[in-house]
Structures are given as C-alpha cells and as structure tokens.
Amino acid sequence: MIGKKVFLIPLYLLLTAFFIPQGSIAGEYTVSGIVTDAETGQILAGATVFIPEFQYGVITDSAGYFKLSIPAGEYIIVFSFLGYDSHEKTIVSGSDITMDVSLTSASFSLNEVVVSAQAASSNIERSGMGMMNVSIETINKIPSFLGETDVLRAVQLLPGVQWAGDGNTGFFVRGGEADQNLVLFDDAVVYNSSHLFNFFSVFNPDAVEDLKLYKGGISPSYGGRLSSVLDISMRSGNMERYEINGGIGIISSRLSVEGPVRKGRSSFMLAGRRTYADMFLRLSPDENRRNTRLYFYDLNIKVNYVLDEKNRIFLSGYHGRDHTAFSEMFGFDWGNSTGSLRWNRMFTSRFSGNFSILLSNYQFNITGDIGPASFNWQSFINNINLKTDFSFLYNDNSTLSFGINSILHMLDPGTISAGIEEAYATEKELPAGNALEHGVYLNNEQGFFDNLLLLTYGARGSVFQVTGPGKQFIYNKTDPTHWEVINSFPLERGKIYDVFYGFEPRVSLRLSLGANSSFKTSYNRMIQYVQQAQSAQSVAPYDVWYMSSNNIPPQVADQVAAGYFRNFLSDRVEASIEVYYKDLGNISDVIDNGDILGNELLESQLRIGDGWSYGAEFLIRKDEGRFTGIAGYTWTRTRRKIDEINDGKPYYAPNDRKHDFSLYGGYTVSGALSMSLNFIFSSGRAVTLPVGKLYYQGAFAPIYSGRNSGRLPDYHRLDMSFTLTPGRGEGNRRFTSTWNFSLFNIYGRINPISVSFAESSDSPGIPRSSFFYIPGPIPGITWNFNF
Amino acid sequence: MNPNKNILPGTLLLTALLSAGCEKEVILDLPDQQGKYLVVEGNIDDLQAIQWIRLTTSSSYYDVTAGLPVSNASVTVTDGTVEFSFQESLVDSLKGYYFNYNISSNLTRGMYYLRISTGDKRYTAQSEFRPVPRIDSVTAALNFFTGMGIIDETYYDIYVHFRDIPGNDNHYLVNTYINNTLQTFRPTQKKLIGNEGLFDNVSLSVSSIHGEDIKSGDMLTLEMRSISREKYNFYTDFLYQTRMSGNPFAGAPPANIPTNLSEGAMGFFQVSAVSTAQARFRHPSPDRN
C-alpha cells in the first residue's frame, strides 16, 4: 500500500485564499443586511426576504445575513419569519443599500400566545423542496412526554419523517436509517441526539433558536449523510437586555440566562438543565435504590460579537452527559460535546463568507464492577471540521455559493478490559479508525423569465482518505456467512491508504404557477463515509460507528422528488404533495447472528447491498391565527436487497411503515389559555417474527422464516396539553410564567417498543411472547418562567 | 472465530429500562409452519457405549409440547470407510430416537458424515472428531456474589483445571454432574470454552450450584467435550437468541440459530472426544479453592 504525505491544510488555505474576490461587482444594485429580533436583538437565521414584484426571495443565513440584487427602482421588500410579524419596507435603489431589519415577535405584539406569521408564501417561492421548519413556539406547544418539551418530537410530526417509537427520539427520513441524518447544532455534528435511552433529545428548547429539516433538495453545502439534514441553530442571546428563562418540571429543571455583554454589540447565552430523579432516590431507605443514578444534564453556551458592520464572530458550545449506575455495580455514561467558532464576514455588499472551526465528540463508558464478570469499555468518536462558505450575488437573479471543508475523523472504539475469567486475556483493544474527509461545492441559483422559473444547480465533490493510526483486515470472503481473517496490518499515522472519491450533483427546479402555487422537482446524490452499526429497533446509546474502508465502500443515495405546493387563505394555510424515489447503494446490514458489540472484526459482521424507498407525502399546515395546526400523511415503502441476508431476497427495512399520519392542532382559547392536541397513527414497523420453534437438549428456540417479514401492531396515540399564562394581558409585566399540563397517550394504547419471544420465567419450557411498552396515560406538569 | 457475544450490558440496561416501562404477555397471530423443519439432535462421543440421534419436527411457536418424533427414517454416520447405522427405538416413549452401540469405541480423528433419509428427503451434516485435553482437577469455591453478600442465597462455583492442547481452533463444552445427575442439560446452561485468548494452563468456573443442591460428600463430575467452532457458535447464538429476544438494546436482529445440517434442517450434529474428572465436594472456605 502506497502511503502519501498529508498535505491537506496548505491546500485548504490556498483554495480559500483563491476564492476570495477583492472587489465589488458593478452593475446591479444590492440590498443586504441582517434580520434580527426587535425585542432582543438576536439574529434570525432562516428568515425570508421577499420581493413580491419579482416573485423572488432569499433566506437569511446562519448569521441572519441576506442579500438581494435588484435593478434601479422602487420596490417593496417583505421580511418574515416563523412566529414573527411580517414587515414591509419600501426602498428606492440607485446604489447598494445596507439595511438591518428587526422583526417583532407575534406573540409579543398580540399580547397573547399565538403561533403565527409563517413566512408568506416562502414555501411556494423557494426552489428547494423537502425543506421544513418548525418554530420554537410551535415546539413548545406540542403536547410533551412527561412535560419535557422536545425539539425532535416536533420533527417527527412532519410528513416523510418516521419515528422509532415510544421512548425514542430517533427518526427516519424517507426510508433512511437514523445514522443517515446529519444532525447539526450550530453546524457541528451531533452523533447521538438522545438522552436517557432515547426518551429525550439533547436539545434544550431554551437554547434553540430555529430548526430546519431538509429531506430532499439538499444544498451541496451539506455532505456526509444520505437521508436528511437537521440544522439546528442555538440562540445567540439578547443584545439589548438581560433575560432569564427557566422551567421546573416533574423530572427536570432548566435555566437559561442571556443578555448583552456590550449592548448592541455583543451578547451571550447560557443554558442548562438537569434531571433529578436520582436526588429523590437518595432518600430511599433501600440501599440499592440509594446507589442508583439515572440522570442527565446538558449545558449550552453561545457568545455573539459584532466587530463592525461587516464582521461578526460566534462562539458556541454544547456539552451533555447521561449517567446511569445501579447498586454501584454497573455504570453507563455517555454524551456529546460540540464546539463552533464562526467568523461571518461581508466582503462587499454582494459577497460574504463564513469561516468555521467545528468540533464534535461522542463517547460512552460502560463499567461493571461485578466480581468475576467485571468489565470496562470506553469508546469515542471525534471530528474536527474546518469549513469555509461563500455567497456571491452576481446579478439580480443569481446567487452563487461555494465552499470547501475538511474533516478529520477520529474513531476509537475503545479498549474492553474484562475480568470475565482468570484464564482469558483481560483486555481487548478494538482497532481505531482515522480518516480525512474533504468537500468542495459550488451552487448557483438562477432565475429565468422574471423568476417564473428558478433553477438551483450545483455539485459537491468529496474525497475520503483512510489514514492511520488504525488497523485493516483482509478477509477471505468465499463463505458468504463467515468472513475469515487472512491478514491484518496496522495503519501508520500520517499515511493515507484507501481513498474514495465522490461526485454529488444536486439540482432543484421551481416553476411558479401563479402567486399561490408552484411545482418543484429535484435530484440529489448524497454520499456517506461514516456510518453506524445498529439495528433500527435498538435504543442502546452505545453507538458503534465505523468508516469506509477496504471492506466497506461508501454509501450512496440518489433521490428524485417532485411536488406541488399551494397556499390558501392569503398564504395562511399551506399545502403540499410530494413524491419521491430514493435509490440506495452500498448499504450495510448485520448478518444473521451477527455480533457488532465490542467486536474488532465488526466489518465481518456486515454485508453490503442495495435498497430503495419511494413514497408520497401530504401536508397541510396553518401557522397563523387562534387555530394552528399541522397535518401530515405519508405513504411509503422501503426495502433492501443484500445477497447474504434473507437468502438474497428483498426484505423490508426495519423502519418500513406503509402509512404514517400525524395531526397537531393548537387553539388559543383566550390570552391566558391555549390548548393543543396531537394524534399519531402509523402502520406497525417491520420485525422478524417466528413461524415455529425447535427443541434441542430440553430447551426451545424460535424459528424465523424471513427477516422483517412480520409486523408489530399499528401504532396510534393521542396527546393533549393546556398552557395557562396567569396575568396575561395585564399590562407590560416583566415577569411572565406559564403552566403547562400535558397528558401523553390519553387512552393508554399499548404501543410495543419491542416484542420478545422467550420461555416463561415462571414456567421454564413454556413459550411465551410479550410486548415491552411505555404505559399510558402519562401526565406532565411544567412551570416555565421568563423575566 | 465468532467472539462471545456481549449480552451483559444489554441485559443490565433492559433491567434498568424495565423499571420505567412495562411488559405485557401477548398472543400474536403468527404464521404457523408446524412440522415444516426437521430438527436433529445428534451428539456422538467416545465416552458412552450407547449413542443416539434424535429426530423431531419443528412445532408451532405457542405449542407447549416438543416437536413430534420423526419415525421410520434412515440414519447413518460414516467416516468415509465404515458406516454406522442408527436404529429407531421400538419403545413408544423413545420414538424419534435412533440408537447405535458400536460407533463410540470406533471413533478416530477425522471427519464424520451424517446422512438422514426420511420420506423423499435427504439431509446431511459433517463434523470433525477432535481431541480434548485431560482434566487435571476439579475444585469448588464459594460464589463471588454469595461471598460478597450481594445475593442472599448460597451458591458454589465449580472450577475445571486443565492444560490446553496446542492449536488455534480449540473449543470445548463442559457439563457438570452431581452424583451422576447432569446439572447442565439445557444449551444455555453449558459452559463453553473458546480458544480466543485462552492460556495454556486453564482454570475456569464452569457452573454455579445452589447450596441446596449439593452437600459435602457428593460426587462432582465434570465432562469436557471437544466441539467445533460452529457448535460453539450454535450454543452462543442459542443463548443470544433466547436471552436477548426482544431486548431493545440488542444490536443484531432475530435470526435462526445456525446449523450444520443441509436442506433447511435445524439442530446440530457433533462428534466429540470426552474427558472426565471427579472430586468429592467439600464445603469450601470463603477463599476460592
């Protein structure tokens, strides 16, 4: 194997310098600026800036920055953002204009809690399809589990998104696996988005500014995952005044503080939360319960500094940990940490750039201090991402964006120390994996015929270089059921071994069919080099990640989608129908009786094949007024075909569910009282069920006929919540508080998380089957405050 | 080799999660393929004079009885030169059992082939007869959890001590007898020894006996059998599929337990060398041995 010197960083710097233009473009005039919250000064990423006359608009970037190119003349520009009042400005262009716009929170202006002000017709106008966002106001109103507001539960309501089941914040997008979602928190990857065995997500609602989910029409600026991008922005803090938010619930409490460091120039945000069931357990007279730990915490921090009108710096970080321990014998800790440092620079009114350093970490540690069966297992995955993005508005109809990034992946599956038996070796070191992943992209948005037709096209080029330290294995693959190791060799630090190249074209087209409707279509190719070995049913937080190698080729997905979008009632109600077909290449699955936990020969337990998914998604949503709601229905099928699994016949993916329906409705009864309902129905997911059993040496074992050929019962559930805001409408009070009462699974439906087939513990030898489920109804009470 | 599956973390996590969730016994409308599969239980060794192979059919999952016996089959085992015929018992309660009285004393190192004919179907399997090390000694010690007071009940751990045979693919199974009564009949009770990381001088706990089931003076017998890597995997997968079934922390999906039989038959055929050792049980001191 020929090694190569790593010369990435000089190349990176060279390309970055090359791409920075030094002057502005003459000709058309530009309007640019930053959209912020009128009350807090916080930037609003994802706000729509729209010129009705051209039927053309843009969305603010993660720094709240926008720019439009317009010819000379007088125009109305409409600024809008989910949960805020739209704002119109008339401009007369004859030169470049810089304008910062502040939007007023709808709930603030109306003096009542209303989820409103959906960006007027932005869903019709933008070229990208498959992009959805949910305001934090809506998220806060969705009935919650145990009173804990959860960002990811809101995502699971959207069509095309299926969730893994009760007690699980994992989600699957258009036939993809959970690890095929690129989950970003201020641009940094979050490897594991769950707390407490997937009951809660890692995103503290107090720290979240905005979330956008892309399930198709994904910009080439994103790469590294097959199915979707969930881009979550952290609140940057109030630039004008100090503010404290918090909440006390039945299982956790939250507190966040934000405010200006230097008024109008810089701000900070600090947020934290912690569950406290373990604190009550310490009061238990039972020693084992006193020694039980079961809690999580997370911390968010963000600092936002406006150097001048052309330069901004953001620094944000997340750190969360789950701790479980039982009777001082068994402990299990895991968590994520992320860090983001971003410099936003407006070189000219037409040209801007973002320069980022992003860090991500996920790790777990399992310890068992149980005598002869003692063990310890520590594992982590890290990445460091250097990223540069540029946006260039080169005429009134066209925006060119481009960028480059390089990621250093560092995977250490860990060392398992075990005292299982005195006769065995007591330590097993799992081979590390390191790789460099580089991406370069170019994307152009071009309007034609007065923006009647909007074409977005571009591509992403990616390179994945396997490097040391690490270890590679050569297998004899003659027997498809058992790959035998015939050789292995260490990978040296600094040398590059296997190299994979990827070309990922992305195209979106929007055809305007009038002011209220449009037709869109898109094609995406996505490539994933780092993936997770875990069955979809699993809720285990011990994620086993692995990388493309000489035995595992990169996964590839090609997706085509088309949709019709129409708004009603002056854009207050939006509706859409989207259909898609996704072809999946080089997907992997675990062989029968595969062993993926703590196995240094993990690759030998996987087999590679193809998959495909298709479906239709229907959405109606209303984000404005006393009554708001989201109704989504998805019809979909997802299959796989891997020669060595299921006798080479196609089989359903574990997350295949034919029907998926979700309905959320919120109603503001008065200024002080609002209520919401949430109903979910989905077909039972595919599982492997026995068709019989065999007896051998006095014990029985199930016999299965085909992988995932059976179904769990259909899933359905109704939730409800009431939000009471005492004193609402009584003047301009600084201190406000709300009481949220929720009831999860009102009619107590038994929705199995899993089904087990085992002999009865009471009567050995007697076969039985049982569901494991979260009982309902589950009440929740949370008191939230703000001042 | 297939490493031993790590089921301990998953089992403990499930226990933790069960404290938050509920389990409900249900009867599901499962596809019924009763009688579809032939199940072969064939464990031939060089210890006992009487050797048998049991043939049954698969049964419905919820059927509380074992599979029906398969009668009138032709069952032979051959090493390629000598063929040993197994004859079905004439006793009604032993229907489906096929016996042979001379194979045991004629086993030599090498490959053995099982052939079964039933109706118009033919099934085959093969197994290598490999040597087994001599057991040096048998000892007993108070169970760690009992000794530490973690569990209230008294258990004793039984230890085997032996020197392994040089080689890279040695796998063994150990059965425990008390006064000639097998204590580890079921597949999930048997002690499996894989060669990964195995030292030359081996001392291993092979079973835990409840204090009420053994008393001073009882005869402890350990029986160590050579098995193939595939048979080792058969037992570990048997354990995994029956203990981790439905465990939401399981990484791998449910699957059939592997077999070395052809044509879709289930079960396993194994030819083993056996070594045994005995010791009188004495209540051990708190320190092991």
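Residues numbered from 1 in each chain as written. Chains lettered and ligands numbered in written order. Predicted model: local features only at pLDDT ≥ 70, side-chain atom pairs only at ≥ 80, totals over all residues. Heavy atoms only, no water.

## Thoughts on the overall build of chain B
Summing up its helical and strand segments, chain B has three helices and 17 strands in all. Taking all 289 residues of chain B together, the buried fraction comes to 53%. Nonlocal contacts in chain B, meaning residues at least 24 apart in sequence, comprise 68% of its contacts between residues at least 6 apart. Carbon and sulfur atoms make up 48% of the accessible area of chain B, which amounts to about 13,000 Å² in all. (Helix = DSSP H or I, 4+ residues; strand = E, 2+ residues; numbered from the N terminus. Buried < 20%, exposed > 50% of the residue type's maximum accessible area, 1.4 Å probe, protein only. Contact = heavy atoms within 4.5 Å. Areas by Shrake-Rupley, 256 points an atom, 1.4 Å probe, with all protein chains shown as cover.)

## Structural notes on the overall build of chain A
A count of helices and strands for chain A gives seven helices and 51 strands. Across the 787 residues of chain A, 64% fall into the buried class. Relative to all contacts within chain A whose residues are 6 or more apart in sequence, the contacts with residues 24 or more apart total 66%.

## Some details on the nonpolar core
Of all hydrophobic cores here, the largest spans 62 residues; its most connected members are A:Phe145, A:Phe200, A:Phe364, A:Ile366 and A:Phe464. Judged by nonpolar contacts, the second largest core, of 48 residues, contains B:Leu38, B:Phe86, B:Val138 and B:Val174. (Core = buried A, V, L, I, M, F, W, Y, C linked by side-chain atoms within 4.5 Å.)

## Describing the sheet that holds strand E5 (residues 83-88) of chain B
Residue and element names in this part refer to chain B. Taken together, eight strands build an open sheet; the order of strands is E8-E7-E4-E5-E6-E3-E2-E16 and the sheet is mixed. Pairing within the sheet leaves two strands with one partner each, and these edge strands are strand E8 (121-129) and strand E16 (266-272). Within the sheet, the average angular offset between the axes of one strand and its neighbour, ignoring direction, is 20 degrees. Contacts from helix H3 (residues 229-243) reach strand E2 (38-45) and E16 within the one sheet, and its direction differs from that of E16 by about 135 degrees. (Pairing = 2+ DSSP bridges. Axes fitted to C-alpha atoms, helices over the stretch in contact; angles between N-to-C directions.)

## Here's the deal with a negative patch on the surface
All names here are of chain B. A surface patch of like charges, here negative, comprises Asp152, Glu153, Glu212 and Asp213. Position of Glu212 among the secondary structure elements: in the loop between strand E14 (201-210) and strand E15 (219-227). Residue Glu212 is classed as exposed on the basis of its relative accessible area of 71%. (Patch = residues over 30% accessible without salt bridge, like charges linked within 9 Å, V, L, I, M, F, W, Y side chains within 5 Å. Salt bridge = Lys/Arg side-chain N within 4 Å of Asp/Glu carboxyl O. Lys, Arg positive; Asp, Glu negative; His and termini not counted. Charge placed at Lys NZ, Arg CZ, Asp CG, Glu CD.)

## Describing H3(B)
All names here are of chain B. Here H3 spans 21 Å end to end across 15 residues, near enough to the 21 Å set by a 1.5 Å rise per residue. With 12 of 15 residues buried, H3 is to be regarded as a mostly interior element. Of the positions making up H3, those classed as buried are Arg229, Lys231, Tyr232, Asn233, Phe234, Tyr235, Thr236, Asp237, Phe238, Tyr240, Gln241 and Thr242. (Expected span 1.5 Å × (residues − 1).)

## Brief notes about the sheet that holds strand E1 (residues 22-26) of chain B
Strand order in the open sheet formed by three strands is E49(A)-E50(A)-E1(B), with antiparallel pairing between adjacent strands. Two strands bound the open sheet, and with one partner strand each, they are strand E49 (752-759) of chain A together with E1 of chain B. Neighbouring strand axes in the sheet, compared pairwise and without regard to direction, differ in orientation by 30 degrees on average. Relative to strand E50 (residues 767-773) of chain A, E49(A) runs antiparallel, the two being bridged by seven bridges. Counted as the bridge partner of A:Pro752 is A:Tyr773 from E50(A).

## Notes on the pattern of salt bridges
Residues and elements named next belong to chain A. The final tally for this structure, using the stated rule, is 32 salt bridges over all chains. With its nearest N and O atoms 2.8 Å apart, the salt bridge here joins Arg707 to Asp592. Separated by 115 residues along the polypeptide, Arg707 in the loop between strand E45 (699-704) and strand E46 (710-711) and Asp592 in the loop between strand E37 (573-590) and strand E38 (606-622) bring together distant segments of the chain. In this structure, Arg711 engages Asp656 in a salt bridge whose closest nitrogen and oxygen atoms are separated by 2.6 Å. Placement of Arg711 in strand E46 and of Asp656 in the loop between strand E40 (651-652) and strand E41 (659-668) is noted, with a sequence separation of 55 residues between them.

## Here's the deal with the side chain of B:Ser60
Along the chain, B:Ser60 turns up in the loop between strand E3 (51-57) and strand E4 (74-78). Apart from the residues within four sequence positions on either side, B:Ser60 is in contact with A:Gly692, A:Lys693, B:Asp32 and B:Gln34.

## A short note on the packing of aromatic side chains
All names here are of chain A. Per the stated rule, a full pass over the model turns up 45 aromatic pairs over all chains. Ring centres of Phe351 and Phe392 lie 5.8 Å apart, and the angle between their planes is 75 degrees; this geometry places the pair in the edge-to-face category. Of this pair, Phe351 sits in strand E24 (residues 351-368) while Phe392 is found in strand E25 (residues 375-395), placing the two residues 41 residues apart along the sequence. Across the pair, exposure class does not vary: Phe351 and Phe392 are buried alike. Three or more aromatic residues joined by ring pairs make a cluster, and in this case those are Trp343, Phe347, Phe351, Phe355, Phe390, Phe392 and Phe402. One cation-aromatic arrangement involves Lys477 over Trp483; the distance from NZ or CZ to the ring centre is 4.5 Å. (Phe/Tyr/Trp six-rings, centres within 6.5 Å; stacked < 30°, edge-to-face > 60°. Lys NZ or Arg CZ within 6 Å of the ring centre and 35° of its normal.)

## A short note on the pairing of strand E7 (residues 110-118) of chain B
Residues and elements named next belong to chain B. Bridging between E4 and E7 involves five bridges; their strand directions are antiparallel. Following the sheet pairing, Thr76 is matched in E7 by Arg115. Taken together, the nine bridges between E7 and E8 define a ladder with antiparallel strand orientation. Opposite Tyr113, over in E8, you have Gln126 as the bridge partner. Between the end of E7 and the start of E8, which pair antiparallel, lie two residues, with Gly119 showing a positive phi angle near 60 degrees.

## Section: the confidence of the model for chain A
In the predicted model, chain A carries a mean pLDDT of 83, and 88% of its residues have values of at least 70. This stretch, residues 1-27 of chain A, has a pLDDT under 50; its non-local contacts, to residues over four places away or in other chains, come to 39 contacts. (pLDDT = per-residue confidence, 0-100.)

## Side note on unusual backbone geometry
Residues and elements named next belong to chain A. Pro469 follows Gly468 through a cis peptide bond whose omega is 0 degrees. Along the chain, Pro469 turns up in the loop between strand E29 (453-467) and strand E30 (470-476). Phi at Asn646 is positive, roughly 60 degrees, even though this residue is not glycine. Position of Asn646 relative to the elements: it lies in the loop between strand E39 (627-641) and E40.

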